[in-house]
Amino acid sequence: MEIKVLDTNNPTQVAVLGRVDTVTADAFFKTMDAILQEHPQDMEWDCSEWKFLSSAGLRVLFMLVKKTKMLKTSITLKHLDKNVYEVLKISGFTSFLKIEP
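Anyway, here's the lowdown on the structure attached to this text. Please read these numbers as outputs of a predicted model, since none were measured by experiment.

**Brief notes about the sheet that holds strand β3 (residues 43–53)**
No. 1: Within the open sheet, the five strands sit side by side as β1-β2-β3-β4-β5. Their pairing is mixed. The open sheet has two free edges, formed respectively by β1 (2–7) and β5 (98–100), since each of these has just one partner strand. Recorded for the sheet is a direction-independent mean angle of 25 degrees between the axes of neighbouring strands.
No. 2: The pairing of β1 with strand β2 (residues 12–20) spans five bridges and is classified as antiparallel. Paired with Asp7 across the strands is Gln13, a residue of β2.
No. 3: Where helix α1 (residues 25–38) meets the sheet, it contacts β1, β2 and β3, and its direction lies at approximately 175 degrees from that of β2.

What counts as what
Residues numbered from 1 in each chain as written. Predicted model: local features only at pLDDT ≥ 70, side-chain atom pairs only at ≥ 80, totals over all residues. Heavy atoms only, no water. Pairing = 2+ DSSP bridges. Helix = DSSP H or I, 4+ residues; strand = E, 2+ residues; numbered from the N terminus. Axes fitted to C-alpha atoms, helices over the stretch in contact; angles between N-to-C directions. Contact = heavy atoms within 4.5 Å.

Dropping the structure here:
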């Protein structure tokens, strides 16, 4: 798993690459949380290279969504891999996440 900050203007744009699973979920949360702390504004994630999301990844994604709600900001997921999209859809996350093609 790798996270690249592409732009810090509003919205903050980041790229999520690789897998968010049991091994990487904690680092994923800490990195995204640090970005939110430094730039408490809307975020756009380029997810075209995000290839896998486990239940541990769902948990930290939910924690990040809750944090953005408290900050009155949002997360938009763009260019989702079809497998990651299916995990989000089956889990019900598509009902409260902003997802763009």
